[in-house]
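Here is how the chains run, residue by residue.
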Amino acid sequence: GMLTAFLERKGLASNSQVLLYLAVAKAGDKPIDGITDASPEGLTAATGKWSGAFAARLQKGNLACRVLEGDAYTRAMLEKHV
C-alpha cells in the first residue's frame, strides 16, 4: 500500500523510496522490468536522496528506473495502486 502517511508520522517522509516493477519467471531466469508498449521508459521509479544511485544499480543490470520528484513521483505511486 501507500506508505506516505505512515512515513510522515514517523518523520521519514523525506527518505528515498522506490516503486519497483520486477518479475522473475523462474529460478535462474533474468529479471524482467516494467517496460511496456505503453511505458517504454519503464514503470519502476525512485525518489529521494539516493534515487540516482538506486537507478544506476538497476541500469547496470539492464533494468530501467526513472528518477522522479514531487508530484511526478506521487502520480507514479497512485498509478501503481490503481
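Residues numbered from 1 in each chain as written. Predicted model: local features only at pLDDT ≥ 70, side-chain atom pairs only at ≥ 80, totals over all residues. Heavy atoms only, no water.

### A short note on the overall build of the chain
- Scanning the chain from N- to C-terminus turns up three helices and five strands.
- The order of helices and strands in the chain, counted from the N terminus, is α-β-β-β-β-α-β-α.
- Expressed along its principal axes, the backbone C-alpha trace of the chain runs to roughly 40 × 25 × 25 Å.
- Each of the 82 residues in the chain was classed as buried or not, and the buried ones make up 27%.
- Sequence separation of 24 or more characterises 49% of the internal contacts of the chain that already satisfy a separation of 6 or more.
- In the form shown here, the chain has an accessible surface area of approximately 5800 Å², with 57% of it arising from carbon and sulfur atoms.
- Computed over 10 positive and 8 negative side-chain charges, the separation of the two mean positions in the chain equals 9 Å. (Helix = DSSP H or I, 4+ residues; strand = E, 2+ residues; numbered from the N terminus. Buried < 20%, exposed > 50% of the residue type's maximum accessible area, 1.4 Å probe, protein only. Contact = heavy atoms within 4.5 Å. Areas by Shrake-Rupley, 256 points an atom, 1.4 Å probe, with all protein chains shown as cover. Lys, Arg positive; Asp, Glu negative; His and termini not counted. Charge placed at Lys NZ, Arg CZ, Asp CG, Glu CD.)

### Comments concerning the nonpolar core
- Core analysis: the largest hydrophobic core is formed by six residues, namely Leu19, Ala45, Leu68, Tyr73, Ala76 and Met77.
- In terms of residues, this core owes the most to one element, helix H3 (residues 70–80), which gives three residues.
- For alanine 45, the contacting residues outside a window of four places in its chain are Gln17, Val18, Leu19, Cys65, Arg66, Leu68, Tyr73 and Ala76.
- In this structure, Ala46, Ala55, Leu58 and Cys65 belong to the second largest nonpolar core, which totals five residues. (Core = buried A, V, L, I, M, F, W, Y, C linked by side-chain atoms within 4.5 Å.)

### Quick look at the side chain of threonine 44
- Secondary-structure assignment places threonine 44 in the loop between strand E3 (32–33) and strand E4 (45–47).
- You can call threonine 44 buried: its relative accessible area is 1%.
- A polar contact is formed between the side chain of threonine 44 and the backbone nitrogen of tyrosine 21, at a distance of 2.9 Å.
- Not counting residues up to four positions away in its chain, the partners in contact with threonine 44 are Val18, Leu19, Leu20, Tyr21, Leu58, Ala64, Cys65 and Arg66. (Polar contact = N/O pair within 3.5 Å; in protein donor to acceptor, adjacent residues only side chain to side chain.)

### A short note on the packing of aromatic side chains
- Applying the stated criterion across every chain yields a total of zero aromatic pairs.
- Its end group placed over the ring of tyrosine 21, lysine 80 keeps NZ or CZ at 3.8 Å from the ring centre. (Phe/Tyr/Trp six-rings, centres within 6.5 Å; stacked < 30°, edge-to-face > 60°. Lys NZ or Arg CZ within 6 Å of the ring centre and 35° of its normal.)

### Looking at the environment of isoleucine 35
- Mapped onto the elements, isoleucine 35 comes out in the loop between E3 and E4.
- Take isoleucine 35: its relative accessible area is 45%, and that puts it in the partly exposed class.
- Apart from residues no more than four positions distant in its own chain, isoleucine 35 is found in contact with Pro40, Gly42 and Ala64.

### Here's the deal with helix H2 (residues 51–60)
- Where H2 is concerned, the buried positions are Ser51, Ala55 and Leu58. Along the axis of H2, the buried positions cluster into a sector of 60°, meaning they face one direction only. Within H2, the exposed residues directed more than 90 degrees away from the buried face are Arg57 and Lys60.
- Those residues of H2 that are buried are in contact with E4 and strand E5 (66–67).
- Positive phi shows up at asparagine 62, right after H2, with a value of about 60°. (Arc of directions from axis to C-beta.)

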